[in-house]
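Here is how the chains run, residue by residue.
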Amino acid sequence: MAAGGNGAAGGGVDTKAAFAQIYKTLKEELLADPAFEFTAESHHWIDRMVDYNVLGGKCNRGLSVVDSYKLLKGADVLGEDEMFLACTLGWCIEWLQAFFLVLDDIMDDSHTRRGQPCWFRVPQVGFIAVNDGIILRNHISRILRRHFKGKPYYADLLDLFNEVEFKTASGQLLDLITTHEGEKDLTKYNITVHQRIVQYKTAYYSFYLPVACALLLAGENLDNYGAVENILVEMGTYFQVQDDYLDCYGDPEFIGKIGTDIEDYKCSWLVVQALERADESQKCILFENYGKKDPACVAKVKNLYKELKLEAVFEDYESESYKKLIADIEAQPSIAVQNVLKSFLHKIYKRQK
């Protein structure tokens, strides 16, 4: 099917509805890929596997490609072809996310994801999920080739996805060896380590990648947008700090999950702040109780966070980050780019979930 898709993406159609429709088109194309002769069984497997892993999230990353592209173009409505291509790049990011999550869940030995069992926990799946992850990553290359080959920015798109995938996998490595390697050792945890993990593991693919896709689609050269990359990576760091905070202080009813960072021995922003502020006896409490499943241990850690007034520390961090980000954004020469960056920031500033 030619880029331009299926009519549903045109004119004033609600972005979410158009986005959902384009997913169906992309999946059908992958299931009819002439490069592989599907058996009925493998066809059914891929169909189910893609639905299970690519769908079910909020699609924030994917939809923000479309929103960013509209802001860059200064247009409320996109032409059908433009809408199709923007949504397609958005779905490529959702596919990338699915690839990471399928493999992450195996590495972390997780049980649930997005309110259902992790893919590898589904009966009959098991470690076939490793190969499914590889297939999801390859789907991105297939989609990009079908819809963008021949565009002047095709090589830049491939490069961008490869670069971001490498950064994310390297961030994951850092997280795994810092958090899981051998004996639990809190002395390894500090703000630099936390920042490096977050920057590479989350910020690039969640914040920089959607905007970079929109910039390429708008015909821009990413080499001219180093400052924008830095701002988005900082925003991604701020987002993760909020996540760490909400894991402990958010309302589980409202955020939709019960926080387990303390039990899981995560290199969370809160524990890093606590380590910086604690005296020797308080450090002992942390060393003895952090990373234990026992609710009494978790309560002792939370109590220490309270003693150290980490809620106030977070509020200071939040307002300082916001001021700095706004100043950096307003230093950008392009008003359209400023609008894109501000729209990202306002979606996340003082969020509760």
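Reading the values: rules and limits
Residues numbered from 1 in each chain as written. Predicted model: local features only at pLDDT ≥ 70, side-chain atom pairs only at ≥ 80, totals over all residues. Heavy atoms only, no water. Helix = DSSP H or I, 4+ residues; strand = E, 2+ residues; numbered from the N terminus. 1 Å grid on protein atoms, 1.4 Å probe; cavity = no way out; pocket = protein on both sides within 12 Å on 5 of 7 lines; lining within 4 Å. Points joined across faces, edges and corners; volume = space filled by probe spheres on them. Nonpolar A, V, L, I, M, F, W, Y, C, P; charged D, E, K, R; others polar. Salt bridge = Lys/Arg side-chain N within 4 Å of Asp/Glu carboxyl O. Buried < 20%, exposed > 50% of the residue type's maximum accessible area, 1.4 Å probe, protein only. Patch = residues over 30% accessible without salt bridge, like charges linked within 9 Å, V, L, I, M, F, W, Y side chains within 5 Å. Areas by Shrake-Rupley, 256 points an atom, 1.4 Å probe, with all protein chains shown as cover. Lys, Arg positive; Asp, Glu negative; His and termini not counted. Charge placed at Lys NZ, Arg CZ, Asp CG, Glu CD. Phe/Tyr/Trp six-rings, centres within 6.5 Å; stacked < 30°, edge-to-face > 60°. Domains from an automatic or database assignment. Polar contact = N/O pair within 3.5 Å; in protein donor to acceptor, adjacent residues only side chain to side chain. Axes fitted to C-alpha atoms, helices over the stretch in contact; angles between N-to-C directions. Parallel < 35°, antiparallel > 145°, perpendicular 65-115°, else oblique. Left-handed = near helix turned anticlockwise from the far one by under 90°. Contact = heavy atoms within 4.5 Å.

## Comments concerning the environment of G291
In step 1: Position of G291 among the secondary structure elements: in the loop between α11 (280-289) and α12 (295-307).
In step 2: Taking the C-alpha atoms as reference points, G291 and V301, ten residues apart in sequence, are found 9.6 Å from one another.

## A few points about the layout of surface pockets
Where empty space is left in the structure can be found by rolling a water-sized probe over the atoms.
In step 1: A volume near 310 Å³ is recorded for the second largest pocket.
In step 2: Together, 17 residues line the second largest pocket, and Q195, E234, T237, Y238 and Y317 are the ones closest to its centre.
In step 3: Of all the secondary structure elements, the ones that give two or more residues to the lining of the second largest pocket are α7 (191-217), α8 (226-249), α10 (269-277) and α13 (310-330).
In step 4: Among the elements that line the lining of the second largest pocket, the one with the most residues is α8, at six residues.
In step 5: Among the residues forming the lining of the second largest pocket, the class breakdown is eight nonpolar, seven polar and two charged.

## Considering the pattern of salt bridges
In step 1: Enumeration over the complete set of coordinates arrives at 17 salt bridges.
In step 2: Of the charged contacts, one joins D33 and R142 as a salt bridge, the two residues approaching to 2.8 Å between their closest N and O atoms. Of the two residues, D33 is situated in the loop between α1 (15-31) and α2 (40-54) and R142 in helix α5 (residues 128-148); the sequence distance between them amounts to 109 residues.
In step 3: Judged by its relative accessible area of 14%, D33 is buried.
In step 4: The closest approach of N and O atoms between D328 and K324, which form a salt bridge, is 2.8 Å. With D328 and K324 both in helix α13, this residue pair falls four residues apart, about one helical turn.

## Observations regarding a positive patch on the surface
In step 1: Together, K58, R114, K257 and K353 line one region of the surface with positive charge.
In step 2: Position of K257 among the secondary structure elements: in the loop between α9 (252-255) and α10.

## Focus: the packing of aromatic side chains
In step 1: The final tally for this structure, using the stated rule, is 22 aromatic pairs.
In step 2: Each ring, one from Y189 and one from Y265, has its centre 5.3 Å from the other, and the planes form 45°; the classification is tilted. Of this pair, Y189 sits in the loop between α6 (154-179) and α7 while Y265 sits in the loop between α9 and α10; the two residues are 76 residues apart in sequence, bridging distant segments of the chain.
In step 3: Looking at Y189, the relative accessible area reads 4%, which means it is buried.
In step 4: Consider the rings of Y322 and Y349, whose centres lie 3.9 Å apart with planes at 25°: the pair is stacked.

## Some remarks on the domain arrangement of the protein
In step 1: Here the domain parsing of the protein yields domain 1 (14-150) and domain 2 (154-352).
In step 2: The gap between the C-alpha centroids of domain 1 and domain 2 is 24 Å.
In step 3: Joining domain 1 to domain 2, the criterion identifies two salt bridges.
In step 4: Two residues, R137 and E165, come together in a salt bridge whose shortest N-O distance is 2.5 Å.
In step 5: Where domain 1 touches domain 2, the interface holds five residue pairs in polar contact (both at pLDDT 80 or more).
In step 6: Every element with two or more residues in the side of domain 1 that touches domain 2 is listed here: α3 (60-73), α4 (80-108) and α5.
In step 7: When the residues that make up the side of domain 1 that touches domain 2 are grouped by side-chain class, the tally is 16 nonpolar, four polar and seven charged.

## Notes on the packing of α7 against helix α14 (residues 335-348)
For any two helices packed against each other, the geometry is given by the interaxial angle and the distance between the axes.
In step 1: At a closest axis distance of 11 Å, the pairing of α7 and α14 adopts a crossing angle of 150°. Between α7 and α14, the angle falls in the class roughly antiparallel. Judged by the twist between their axes, the crossing of α7 over α14 is right-handed. Of the residues in α14, those touching α7 at S206, F207, P210 and V211 are V340, F344 and I348.
In step 2: Here the contact of α7 with α14 is built from residues that sort into six nonpolar, one polar and no charged.

## Examining the packing of α6 against α7
In step 1: Between α6 and α7, the shortest axis-to-axis distance is 8 Å and the interhelical angle comes to 165°. It follows from the interaxial angle that α6 and α7 lie roughly antiparallel. Both α6 and α7 take part in a crossing whose hand is left-handed. Residue-level contacts link D156, L157, L160, F161, V164, K167, T168, G171, Q172, L174, D175 and T178 of α6 to V193, R196, I197, Y200, K201, Y204, Y205, Y208, L209, A212, C213 and L216 of α7.
In step 2: In terms of residue class, the contact of α6 with α7 is built from 15 nonpolar, four polar and five charged.

## Here's the deal with the side chain of Q282
In step 1: Turning to its location among the elements, Q282 is positioned in helix α11.
In step 2: On the basis of relative accessibility, which here comes to 12%, the residue Q282 falls in the buried class.
In step 3: Among residues more than four places away in sequence, those in contact with Q282 are R277, L304, E307 and L308.

## Notes on empty space enclosed by the protein
In step 1: The final tally for this structure, using the stated rule, is three cavities of 30 Å³ or more.
In step 2: The computed volume of the largest cavity comes to approximately 90 Å³.
In step 3: Breaking the lining of the largest cavity down by element, the ones donating at least two residues are α2, α4 and β2 (116-117).
In step 4: Among the elements that line the lining of the largest cavity, the one with the most residues is α4, at four residues.
In step 5: For the lining of the largest cavity, a count of residues per class yields six nonpolar, two polar and three charged.

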